[in-house]
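A look at the structure
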Amino acid sequence: MLTNGHRTAYRTCPLCEATCGLELELDAKDRVLSIRGDKADVFSRGFICPKGSALKALHEDPDRVSTPLIRDKGELRPASWDEAFKLIDRRLSPILAQDRNAVAVYLGNPNAHNLSNLLYGRVLTRALSSHNVYSASSVDQIPKQMASALMFGTGTTVAVPDVDRTDHLLILGANPLASNGSLMTAPDMRGRLRALRARGGKLVVIDPRRSRTAEEADEHHFIRPGTDAQLLFAIAHVLFEEDLADPGPRLTEMTAGLELLRELAAGFSPELVSEVCGIAAEEIRRMARELAGAPRAAVYGRIGTCTQEFGTLASWLVDVLNLLTGNLDRAGGAMFPLGAAGHSNAAGPPGRGRGARFGRFSSRVRGLDELFGELPVACLSEEIQTPGVGQVRALITIGGNPVISTPNSDRLDAALDELELMVSLDVYVNETTRHADVILPAPSPLRRSHYDLVLYLFAVRNVAHYSPPVLEPQAELPDEWVTLLRLAGVAAGMGPDADVAALDAGVARALIERELATPGSPVAARSADELLGELEPRVGPERLLDLLLRTGPYGDGFGAQQDGLSLAALEAAPHGIDLGPLQPRLPDALRTAGGRIELVPEPIVADVARLRASLQRGAVDELVLIGRRQLRSNNSWMHNLPVLVKGKPRCTLHVHPKDAQRYRLTDGEPARLRSRTGTVLAQVEITELVMPGVVSLPHGWGHDADGTVQSVASDQPGPNSNVLADELLIDALSGNAVLNGIPVELSPAAA
Ligand SMILES: Nc1nc2c(c(=O)[nH]1)N[C@H]1C(S)=C(S)[C@@H](COP(=O)(O)OP(=O)(O)OC[C@H]3O[C@@H](n4cnc5c(=O)[nH]c(N)nc54)[C@H](O)[C@@H]3O)O[C@H]1N2
Ligand SMILES: Nc1nc2c(c(=O)[nH]1)N[C@H]1C(S)=C(S)[C@@H](COP(=O)(O)OP(=O)(O)OC[C@H]3O[C@@H](n4cnc5c(=O)[nH]c(N)nc54)[C@H](O)[C@@H]3O)O[C@H]1N2
Ligand code: SF4
Ligand SMILES: [Mo]
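Read on for a plain summary of the structure. Note that the coordinates shown come from a computational prediction; the quantities given were computed from them, not determined experimentally.

Below, the discussion takes up the state of the cysteines. Going through the model one piece at a time under the given rule, you end up with zero disulfides. Of all cysteine sulfurs, the one in Cys 49 lies closest to Cys 651, which takes part in no disulfide; the gap is 19 Å. Taking relative accessible area as the criterion, Cys 651 reaches 9% and is therefore assigned buried.

Below is the structure:
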């Protein structure tokens, strides 16, 4: 407490993957006075971006939903929690009784930043036991997780670039200077990239747009969207051809498939792919030589390499190159973090596992395979709109705005109106939740605790940081784990007032029992009752987190390991605990069935033919659309905060001068963009930042629907780029949506 009654509080920012430590100053009445970067944070060291300080505006936004809302005679009106749950129980239970698959769930991105939802979201999905589970993962990183699971055994065994120690970083389809990093938790990427260059290292960026990251790089190459896999294969080709492929004895010994890879790469010479990618063969050869020649190098790809036609192959090839150049799993290369809690590749016998299993069921209409227990969201509207057994009749959205974020927005928007019931756990009445029959609100981030259970699995340094709620939680706005358990109660047939405490105790017991059954567990000799006793008086996410930390790789093992990690230890460290730089983890981290790195998994080999066929296309003249992330924007949901949207409108269409001339467009004037699925009008910004033949429009906008409550956002709605994204365009292997490289037609709006 400061002398004037003010106090300082610390909290990890929950908005993006960088996990920055924040320092908040509050007055005696608990009003937030300021939010700054926490200089003492062990990971972010004071770094903050404009969104971090906008948490104050988010906390105070009068448009946020503050009580449950239920639809009554067509309109949403405030209701009590009891009334809301009674309605849900009355209308959901009969549908579930007829067909569990008739109830779909969609989980959005904020769940990945929310301890309650990470731990209790799956309690709900399990209780529902429907095949129709969807998430933002299939408009995002599923291809990377699929490739990683096939190669290394689990979907969270993802190699991240060791940015702080590398000498050469090759980035494809990522713009960490705007996004602040993804599948690479690394606060202050600008600082880290500048340090890389300051120590003599080289940064190369491959992107159809000269992004902010590309501007910082030593070298930037435009690439035709969707052709990274061809480029990466050609680099592999050169490595083999010029005898530069050398994983070293350690990796070679644990890798299966090197010879087959050589054969596959033979079909992708730089000369063959050059025209398709738009990069000269000699440049590709030089890139390969420099990558192989660097003392320590890493290849990293993200949204641009995932949300495209060959998302899984491109994601796979990123690690193929890391391995071929001997940079996988070594300092300065691409390494496997070791999270303090919940890391699937740290439990059980080291170096062995069941491997990846996909396609345990498939989508009803298009027959797309299940991955990690979910179906591609590109199928959601057809599952709602196609009659027959298994048709989706009810939808629960949890922290997601699929109408804006997923392909063919107009179709999904219409489909949501056809549902018999829609329930949304959300903080805004937006383009998606305006369709809901019930909206269940969530507390402000300042009124809940935080631990980045998922993001630390991808961090460039091993760290752990727990934040208690900055402000006292309010009884009228319970934390989401309570809401999720109550919903799980309905799904399990317990009615609208299930005993949340009893359900929670059951969740904790089940997690303990799973731990006790895990071979090699540090608590194998203990009993569930004993451990439950030691976790008292904690409940909810804190109880589960304490359990995961204490049985995790740095844990105190409930007394077995002196000075080991526990939630109490994290509570005593408000700036986080640094667990050190990444360490080599292979072969122990492998969970493949054969205990080896599967360099050329079967499903991947099967898809290479599709990639080969793409080479026949040659140089394509078709105009395609890509996206663009912006620092002051966060997918679709922070456009209601004046501090982030002030200034001139940013949702403009980037068009190269040559294309502007070709399509007779004028800077600042509206243009009409058309795809198979729809049409939008966007203001043209003529710029050489995009390559010819490619136009770029940010996603997340389009806030002009009726019935939303977002007064600021609807003043500057912008066009919704996903009206143009085609739900039929997917990465065939993973079912992930193609959001980059969408064929479009362009004309002046006046025409
Ligand atoms: N064209 C194109 N489309 C894209 C992308 C792209 O690059 N281009 N990117 C894709 C990617 S990577 C992603 S991750 C998706 C995101 O897709 P979504 O997750 O569907 O969309 P968001 O905009 O993140 O929506 C988040 C929702 O969560 C709500 N929310 C915020 N905080 C909370 C909370 O604490 N609790 C609850 N219950 N709700 C909360 C917000 O009000 C909002 O409705 O978009 C994808 N769509
Ligand atoms: N400010 C801000 N930060 C965010 C978000 C946000 O909306 N705003 N969203 C968060 C989320 S959910 C995510 S998943 C991450 C994403 O993090 P990033 O992947 O770093 O984000 P993007 O800016 O979408 O970067 C993708 C880049 O790929 C390029 N690209 C498009 N198509 C291709 C292609 O075919 N090949 C290649 N090589 N490049 C291509 C685009 O031009 C763009 O520069 O960002 C997170 N951080
Ligand atoms: S970079 Fe990400 S985590 Fe850091 S302050 Fe900005 S939004 Fe928050
Ligand atoms: Mo994302």
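Next comes the rest of the description.
Lining the immediate surroundings of ligand 2 are 30 residues, of which Ser 179, Asp 207, Gly 226, Asp 228 and Ser 633 lie closest. Gly 173 is positioned such that a nitrogen or oxygen atom in its backbone is 3.2 Å from a nitrogen atom of ligand 2. A distance of 3.1 Å separates a nitrogen atom of ligand 2 from a polar atom in the backbone of Ala 178. For ligand 2, whose unbound accessible area comes to 920 Å², protein coverage reaches 98%.

Strand pairing in a sheet is mediated by backbone hydrogen bonds. Such pairs are either parallel or antiparallel. Taken in spatial order, the seven strands line up as β5-β4-β17-β16-β15-β6-β7 in an open sheet, and their pairing is mixed. Where the open sheet ends on each side, the last strands, each with one partner, are β5 (75–78) and β7 (133–135). If you compare each strand with its neighbour and ignore which way they point, the axes differ by 20 degrees on average. Across three bridges, strand β16 (residues 421–425) lies against strand β17 (residues 438–440) in parallel orientation. Opposite Ser 424, over in β17, you have Ile 439 as the bridge partner. Sheet contacts for helix α19 (residues 480–491): β15 (394–398), β16 and β17; angle to β16, the most-contacted strand, approximately 155 degrees.

Attention shifts here to the site of ligand 3. The immediate surroundings of ligand 3 are formed by Cys 13, Leu 15, Cys 16, Ala 18, Thr 19, Cys 20, Phe 47, Ile 48, Cys 49, Lys 51, Gly 52 and Asn 180. For the shell around ligand 3, the class distribution of residues is eight nonpolar, three polar and one charged.

Before going further, it helps to examine the packing of helix α9 (residues 228–241) against helix α13 (residues 281–293). Packing of α9 against α13 leaves a shortest axis separation of 9 Å and a crossing angle of 65 degrees. Accordingly, the angle class assigned to the pair α9 and α13 is roughly perpendicular. Here the hand of the crossing between α9 and α13 comes out right-handed. Where α9 approaches α13, its residues Leu 231, Ala 234, Ile 235, Val 238, Leu 239 and Glu 241 are matched on the opposing element by Ile 284, Arg 285, Met 287, Ala 288, Leu 291 and Ala 292.

The next subject is the nonpolar core. One recurring pattern in soluble globular proteins: nonpolar side chains tend to sit buried together. Residues Leu 440 and Tyr 451 are the most contacted members of the largest nonpolar core, which totals 85 residues. Those residues in contact with Tyr 451 that lie beyond four places of it in its chain are Leu 115, Ala 340, Ala 341, Tyr 456, Ala 464, His 465, Tyr 466, Leu 545, Leu 549 and Leu 570. Grouped together as the second largest cluster of nonpolar side chains are 65 residues, Ala 234, Ala 265, Val 273 and Ala 288 included.

For the rest of this paragraph, the subject is the packing of helix α12 (residues 270–277) against α13. One can describe the packing of α12 onto α13 by two numbers: an axis separation of 8 Å at closest approach and a directional angle of 115 degrees. As the angle between them shows, α12 and α13 are arranged roughly perpendicular. The chirality of how α12 crosses α13 is right-handed. Only Ala 281, Ile 284 and Arg 285 of α13 make contact with α12, whose side of the interface consists of Pro 270, Glu 271, Val 273 and Ser 274.

What follows covers the environment of Leu 625. Relative to the assigned elements, Leu 625 resides in strand β23 (residues 624–626). Residue Leu 625 is classed as buried on the basis of its relative accessible area of 3%. C-alpha separation for the pair Leu 625 and Leu 22, spaced 603 residues apart in sequence, amounts to 36 Å. Excluding its chain neighbours within four sequence positions, the residues that come into contact with Leu 625 are Leu 653, Leu 673, Val 695, Ser 696, Leu 697, Ser 721, Leu 724, Leu 739, Asn 740, Gly 741, Ile 742 and Val 744.

Analysis parameters
- Residues numbered from 1 in each chain as written.
- Chains lettered and ligands numbered in written order.
- Predicted model: local features only at pLDDT ≥ 70, side-chain atom pairs only at ≥ 80, totals over all residues.
- Heavy atoms only, no water.
- Disulfide = S-S within 2.5 Å.
- Buried < 20%, exposed > 50% of the residue type's maximum accessible area, 1.4 Å probe, protein only.
- Near = heavy atom within 4 Å.
- Polar contact = N/O pair within 3.5 Å; in protein donor to acceptor, adjacent residues only side chain to side chain.
- Areas by Shrake-Rupley, 256 points an atom, 1.4 Å probe, with all protein chains shown as cover.
- Pairing = 2+ DSSP bridges.
- Helix = DSSP H or I, 4+ residues; strand = E, 2+ residues; numbered from the N terminus.
- Axes fitted to C-alpha atoms, helices over the stretch in contact; angles between N-to-C directions.
- Contact = heavy atoms within 4.5 Å.
- Nonpolar A, V, L, I, M, F, W, Y, C, P; charged D, E, K, R; others polar.
- Parallel < 35°, antiparallel > 145°, perpendicular 65-115°, else oblique.
- Left-handed = near helix turned anticlockwise from the far one by under 90°.
- Core = buried A, V, L, I, M, F, W, Y, C linked by side-chain atoms within 4.5 Å.

Function cannot be read off these values alone, since they describe shape.
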